[in-house]
Amino acid sequence: MLRSIFSVLPIVTEQRPQTVRQIASSNSTLLLHLPKLPPVSAYVHLPFCRKRCYYCDFPIIALGSSLSIEDSRISDYIDIVCKEIKATRVDSTAYPPLETVFFGGGTPSLVPPRLVSAILEALSSKFGVSGDAEISIEMDPGTFDGVKVRELIHLGVNRVSLGVQAFQDELLKVCGRSHGVGEVYQAIEIVKSSGVQNWSLDLISSLPHQTLEMWEESLQLTVAAQPTHVSIYDLQPGEFPLPSEDQSADYYRNASRFLQDAGYEHYEISSYCKSGYGCKHNTTYWKGRSFYGFGLGSASYINGLRLSRPNKFKDYKQYVNSLEDEVDNCAVKGDINLHDLAMDVVMLSLRTSDGLDLKAFKEAFGESRMLSICEIYQPHVESGHVICKDYKGTTIAADEYASLLLNESWRHQKLASVRLSDPDGFLLSNELISLAFNALSSC
C-alpha cells in the first residue's frame, strides 16, 4: 500500500465517536439518520485549467498555456480555501475524522504539491483526517511528472483520477482538451511507475465525430493500461455531428460488456472497478451521507441541507469573508423534508448496482411510499429494465413480483430490493427515476 497521510499530518489517535460505517451496521433507520450524522468526507474544488474544454460547465479559472509554478492566482486562491476551512463552524467538537478527501476541478494537478499540502494541513487541523483516509486528486495528462506524483504521495494522496477522455488525437482536439495521445501514454506510465495502485482512468463517450471503432479502441487501450477503476461519462459538446441516441446507447452497452468481461464491476451507472477499488468518496454521495464542500462553486450537504458556494471568484471571496465574520457558516440547521429526502434516496440508490433497499426505505418513509414505487415499476420488471431481488439475492420473476404486490405478508418477507438492469435499465435511468418521483409525489 502507498504511504498515507501519516508522514506529514497529525495521526488521529484520540477516542472518537463511531464512524458512519459502524453506525450503519447497527441502525435499522439509517436512511433518516445519515443526513444528520457528522460529515466524514470533504470535496475541495481546485478550479485551475489551461483553458476551458468545450463540454465543461464547471466553475474554472483559465490560466493559459504560459503557467508559472509560482502563479499568484493559484496561491491566493489556496489561501482563501484554507481560510474557508478554518472559519467553518461545526455543531460540536465530537465529530469523527475525515475518511475521504477529494480534490476535483478544474485541473488539480496544476496546483503545486506544497499548496495541496496546505489544504490537507488545514483539513487535518480543523476536522482530523483518518490514518487510512482515501485521498483522491484529479490529474490531466501533460500537467504533471513523476516528481510531482511522488510528492503528492508523500503528502498522503493515495488515489489518482486520470482525465484521459479519449485515445484519439482528433477527438481530444474536438472537445478542446489541452493534451494529446502522446501525453496520455506518458501520464499512464508516470502514474504506474510512481507506485500508485489505486487509480481511475476517465473516458467520455458520444463525442463529436466519434465512431464505434474509435470507442472500442479506447476501451481496449483502457483495459490494457490496467487501471483499478474506470469512469465513463456521456458528455455531449455543442458541436456536430454527434452520435445518434441509438449509437450512444450502443457505446454504453459496449462499455458495460467489455469492461465487465475484463473483470471490472459495474457498481454505479458511470463507474467500474476492480474488486475493492470502488471510489469511497463518491459512495458518500450515492449513500446520501453528509459531506463538506470547499472552494469555488462547491456544495456541502450538512444536516440534510445543501449549501452551495458562489461560482464567481469575487463572490466566493466575499462569502469566505462573511464566514470569518461569522455571518454565515456550515453548521446549518433545519428540519429534513421527508419527501425531498425520499426522492434523493431513490435517485441516488438507483444509480448503483445495489439499488434501493426496500425494507430500509419502508421503515424510513412508510409502507405507502415503498409500495407506490414497487407498483409503478411492475411493467418495467416485466420488460426487464427493473430487477427485484429477495433476501437471498435471487431475482424475483415478473409473475411472482405481481403476486407479491397483492399480498402484504409475503411482500414483506420476499421483496428486498429493486435496481435498474445493466445496461438497458441504466440507459433509461432518467425516465425510470422520474416515474418513481411521480409515484412519490402522489403519496
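Residues numbered from 1 in each chain as written. Predicted model: local features only at pLDDT ≥ 70, side-chain atom pairs only at ≥ 80, totals over all residues. Heavy atoms only, no water.

> Tell me about the overall build of the chain, and please be specific about residues and values.
Per the secondary structure count, the chain includes 19 helices and 16 strands. Relative to all contacts within the chain whose residues are 6 or more apart in sequence, the contacts with residues 24 or more apart total 73%. Total accessible area on the chain is roughly 19400 Å²; 50% of this is exposed by carbon and sulfur atoms. (Helix = DSSP H or I, 4+ residues; strand = E, 2+ residues; numbered from the N terminus. Contact = heavy atoms within 4.5 Å. Areas by Shrake-Rupley, 256 points an atom, 1.4 Å probe, with all protein chains shown as cover.)

> Tell me about the pairing of strand S13 (residues 305–308), and please be specific about residues and values.
As paired strands, strand S12 (residues 299–302) and S13 are joined by four bridges and run antiparallel to one another. Looking at the pairing, alanine 299 lines up with serine 308 of S13. Adjacent in sequence and paired antiparallel, S12 and S13 are bridged by two residues, among which asparagine 303 carries a positive phi angle near 55°. (Pairing = 2+ DSSP bridges.)

> Got a sec to walk through the sheet that holds strand S7 (residues 199–204)? Specific residues and values, please.
Pairing within the open sheet is mixed, and its nine strands lie in the order S9-S10-S8-S7-S6-S5-S4-S1-S11. Whereas interior strands pair on both sides, the edge strands pair on one side only; in this sheet they are strand S9 (265–268) and strand S11 (292–294). The sheet shows a mean angle of 20° between the axes of neighbouring strands, taken without regard to direction. Where strand S6 (residues 159–165) and S7 come together, five bridges link them in parallel fashion. Note on S7: the bridge partner recorded for serine 161 is serine 200. Across the sheet, helix H9 (residues 245–261) touches strand S8 (229–233), S9 and strand S10 (271–273), and the angle it forms with S10 is around 10°. (Axes fitted to C-alpha atoms, helices over the stretch in contact; angles between N-to-C directions.)

> Could you give an account of empty space enclosed by the protein, naming the residues involved and the relevant values?
Enumeration according to the criterion identifies one cavity of 30 Å³ or more in this entry. In this model, the largest cavity occupies a volume close to 70 Å³. Every residue along the wall of the largest cavity is listed here: Leu31, Leu34, Pro35, Lys287, Gly288, Tyr301, Arg306, Leu341, Asp344, Val345 and Leu348. Sorting elements by how many residues they give to the lining of the largest cavity places helix H12 (residues 338–349) first, with four residues. Here the residues of the lining of the largest cavity are counted per class, giving seven nonpolar, one polar and three charged. (1 Å grid on protein atoms, 1.4 Å probe; cavity = no way out; pocket = protein on both sides within 12 Å on 5 of 7 lines; lining within 4 Å. Points joined across faces, edges and corners; volume = space filled by probe spheres on them. Nonpolar A, V, L, I, M, F, W, Y, C, P; charged D, E, K, R; others polar.)

> Quick one: what's the story with the nonpolar core, residue by residue and with numbers?
Ile78, Phe103, Ile119, Leu123, Trp199 and Ile232 are the most contacted members of the largest nonpolar core, which totals 69 residues. The biggest single contributor to this core is helix H3 (residues 72–87), with eight residues. Beyond its immediate sequence surroundings of up to four residues, isoleucine 119 is in contact with Val44, Leu46, Ile78, Val81, Cys82, Ile85 and Phe103. Phe365, Leu371, Leu405 and Phe426 belong to the second-largest nonpolar core, a separate cluster that totals 37 residues. (Core = buried A, V, L, I, M, F, W, Y, C linked by side-chain atoms within 4.5 Å. Buried < 20%, exposed > 50% of the residue type's maximum accessible area, 1.4 Å probe, protein only.)

> Could you give an account of the pattern of salt bridges, with specific residues and numbers?
Side chains that carry opposite charge are capable of pairing whenever their charged atoms lie near each other. All told, the structure shown has ten salt bridges when counted by the stated rule. Across the salt bridge formed by arginine 253 and aspartate 250, the nearest N and O atoms sit 3.4 Å from each other. Of this pair, arginine 253 and aspartate 250 both sit in helix H9, three residues apart, which is roughly one turn of the helix. Arginine 253 sits in the partly exposed class, given a relative accessible area of 32%. (Salt bridge = Lys/Arg side-chain N within 4 Å of Asp/Glu carboxyl O.)

> I'd love a proper account of the packing of aromatic side chains, names of residues and values included.
Across all of its chains, the model carries 14 aromatic pairs by this definition. Here tyrosine 316 and tyrosine 319 contribute two aromatic rings whose centre-to-centre distance is 6.5 Å and whose plane-to-plane angle is 25°, an arrangement assigned as stacked. Linking tyrosine 316 with tyrosine 319, this pair stays in helix H11 (residues 313–324), spanning three residues, or about one helical turn. Taking the relative accessible area as the measure of exposure, tyrosine 319 reaches 9% and is therefore buried. Among the aromatic residues, those joined into a cluster by ring pairs are Phe48, Tyr77, Phe313, Tyr316 and Tyr319. (Phe/Tyr/Trp six-rings, centres within 6.5 Å; stacked < 30°, edge-to-face > 60°.)

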